[in-house]
Amino acid sequence: MRPELALVPGEPAGIGPELCVRLVQQPREDCRLLAFADPDTLRAAAAALNLPLQLLPEDAEARVPGDLRLRAVGNATASRFGQANPANAGAVIGALLGAGQACLSGELQGVVTGPVHKAVINEGGIAYSGTTELLADQAGVKVVMMLANHIVRVALATTHLPLREVADAITAPGLEHTLRTVHAALRREFGLPAPRIAVLGLNPHAGEDGHLGREELDLVIPLLQRLRAEGMDLAGPLPADTAFLPAKLAGFDTVLAMYHDQGLPVLKYSGFEQAVNLTLGLPYPRVAVDHGTALDLAGRGIADPSSLQAATTLCAQLARQRTLSA
């Protein structure tokens, strides 16, 4: 089975379009890609890279390097690499929502997304906190952010919050939803029948028996005990400063971090170029690059396509596994 995946470059002035051009320089055996993008921007990226690009109708087949099936989403104004324009915010959001809707309707089986410039979207008059939230709102579901590379998977109990707000944001219902979502995704999309999840403590030394904070004693431990009684394989709460040691990681399928910078620096240090961003809990797989728009690199031909390549490969794998698990 070759799943049909949407490919959305993201910010047209950033490195996303040229990464997409690099991605299609070899025909793929694992999936069929359909780009949701502005055709002129993709052609400009190909010219900047001096690489072949042939934009094909949706019903065509990519057969040679540079072939890319396209569903055109035109920009409001011509894009210049390195100069993000708020006038094109609507096209960026339109491409993302179009790709999401194609998956919700069953036309496509997954979405691969490039980087989006949050500030420029908001300057264009569209309230936007991130593609994760955009697609979750479209699908009407609550989701969990996970980042992964070839060494570790890290899910997040909270995402982009000031540190002083994190403790109040961690509640028993919220943490339970996160753990159930991660557990279900590991079974359905990763094909792990009995996933092993390491849960980090919020406080240093996981609270040191209440001497460094009571969140572990009052909230985390009772919840983990209840979910273990249902059959979930949960370790913790573990001190975050030792949980990522290789010998410990070998015993887990995923680590749940309580906040953004508790888990992600370790993942990015261990393999930033191959890291990807997953949205768990959607009715379809969505995998994104784990980097920004890099406006300073756009159009120069030096951006590393590794994360987009990894995201596409993983999205195809997840889409196939989801079909098998259905």
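As shown above, the structure is provided for reference.
First things first, this report covers the structure right here in the doc. Everything numeric here is computed off the predicted structure, so don't read it as measured data.

Turning to the sheet that holds strand 12 (residues 286–289), a few remarks are in order. With mixed pairing, the twelve strands of this open sheet are ordered in space as 3-4-2-1-5-12-11-6-7-10-8-9. Taken across any chain shown, the strands that pair with only one partner, and hence form the sheet edges, are strand 3 (54–56) and strand 9 (233–238). Each neighbouring strand pair of the sheet contributes to a mean axis angle of 30 degrees, computed without reference to strand direction. Sheet topology note: the strand 3/strand 4 (residues 67–72) ladder contains three bridges and is parallel. In the sheet register, Gln54 faces strand 4, and the bridge partner there is Asp67. In the packing of helix 12 (residues 306–325) onto the sheet, contacts are made with strand 1 (4–8), strand 2 (32–37), strand 5 (110–113), strand 11 (276–280) and strand 12, and the angle to strand 12 comes to roughly 170 degrees.

So, about helix 3 (residues 89–104). The terminal C-alpha atoms of helix 3 lie 23 Å apart, and with 16 residues this matches the ideal 22 Å at 1.5 Å per residue to within 8%. Restricting attention to buried positions, one finds in helix 3 the residues Ala89, Ala91, Val92, Ile93, Ala95, Leu96, Ala99, Gly100, Ala102 and Cys103.

An ideal rise of 1.5 Å per residue puts 28 Å on 20 residues; helix 12 measures up with 28 Å between its terminal C-alpha atoms. Buried within helix 12 are the following residues: Ser306, Ser307, Leu308, Ala311, Thr312, Leu314, Cys315, Ala316, Leu318, Ala319 and Arg322.

Where helix 7 (residues 172–188) meets helix 8 (residues 215–229), the closest approach of the two axes is 10 Å, and the angle between their N-to-C directions is 45 degrees. Looking at the two axes, helix 7 sits oblique to helix 8. In terms of crossing hand, the pair formed by helix 7 and helix 8 is right-handed. Here Ala172, Leu175, Glu176, Leu179 and Arg180 of helix 7 come into contact with helix 8, specifically with Leu219, Val220, Leu223, Leu224, Arg226 and Leu227.

When you tally the buried positions in strand 8 (residues 196–200), you get four out of five residues, the bulk of the element. Two strands pair when backbone bridges link them, and strand 8 and strand 9 are joined in this way by four bridges, in the parallel orientation. Counterpart to Ile197 in the pairing with strand 9 is Leu234. Between the parallel elements strand 8 and strand 9, the chain passes through helix 8 in a crossover that is right-handed. Of the strand pairs in this sheet, strand 8 and strand 10 (residues 254–257) are connected by three bridges, and their pairing is parallel. In the strand pairing of strand 10, Val199 is matched with Leu256.

Attention now moves to the environment of Leu104. In this structure, Leu104 sits in helix 3. Put simply, Leu104 and Tyr128 are 24 residues apart on the chain and 21 Å apart in space, counted from C-alpha to C-alpha.

Moving on: empty space enclosed by the protein. This model, assessed by the stated rule, comprises two cavities of 30 Å³ or more. Each pocket or cavity is described by its volume, and for the largest cavity that value is around 160 Å³. Contributing to the lining of the largest cavity are 15 residues, with Pro27, Arg28, Leu33, Ala62 and Asp67 lying nearest its centre. Of all the elements in the fold, those that place two or more residues in the lining of the largest cavity are strand 2 and strand 4.

What follows concerns the layout of surface pockets. What the largest pocket holds in volume is close to 440 Å³. Broken down by secondary-structure element, the contributors of at least two residues to the lining of the largest pocket are helix 5 (131–139), strand 6 (144–148), helix 11 (260–271) and strand 12. Split by residue class, the lining of the largest pocket holds eight nonpolar, 13 polar and five charged. The computed volume of the second largest pocket comes to approximately 380 Å³. Taken together, 17 residues form the lining of the second largest pocket, with Lys142, Val143, Val144, Ala157 and Thr159 sitting closest to its centre. Every element with two or more residues in the lining of the second largest pocket is listed here: helix 5, strand 6 and helix 7. A breakdown of the residues in the lining of the second largest pocket according to their chemical character gives nine nonpolar, six polar and two charged.

Cut-offs and rules
Within each chain, residue numbers correspond to sequence positions counted from 1 in written order. Per-residue local features of the predicted model are confined to residues with pLDDT of at least 70, and side-chain atom pairs are confined, for both listing and counting, to 80 or more; whole-chain, interface and lining totals are unaffected and use all residues. Side-chain calculation: all heavy atoms of the structure are included, whereas hydrogens and water are not. Strands pair, by our definition, only if DSSP identifies at least two bridges between them. Runs of E in the DSSP output that reach at least two residues are strands. Runs of H or I that reach at least four are helices, and both are numbered from the N terminus. The convention used is that axes are lines fitted to C-alpha atoms, helices contributing only their stretch in contact, and that angles between N-to-C directions extend from 0 to 180 degrees. Contact definition: two residues touch when any of their heavy atoms are within 4.5 Å. Multiplying 1.5 Å by the helix residue count minus one yields the expected span of that helix. The rule is simple: take the accessible area with a 1.4 Å probe, protein chains only, and divide by the maximum for that residue type; under 20% is buried, over 50% is exposed, in between is partly exposed. Note on terminology: angles under 35 degrees are roughly parallel, angles over 145 are roughly antiparallel, angles of 65 to 115 are roughly perpendicular, and the others are oblique. Handedness of a crossing follows from how the near helix is turned relative to the far one, being left-handed for an anticlockwise turn of less than a right angle and right-handed for a clockwise one. Here is how to tell: hold the view so the strands point away, follow the path from the first strand over the helix to the second, and if it runs clockwise the crossover is right-handed. Put plainly, a pocket is an open set of points on a 1 Å grid over the protein atoms alone with protein on both sides within 12 Å along at least five of seven lines, a cavity is a set where a 1.4 Å probe fits but cannot get out, and a lining residue has an atom within 4 Å of a point. Grid points are joined across faces, edges and corners, and a volume is the space filled by probe spheres set on the points. Gly counts as polar in this scheme, as do all residues outside two lists: the nonpolar Ala, Val, Leu, Ile, Met, Phe, Trp, Tyr, Cys and Pro, and the charged Asp, Glu, Lys and Arg.

Fair warning: the whole summary comes from geometry, so function is off the table for now.
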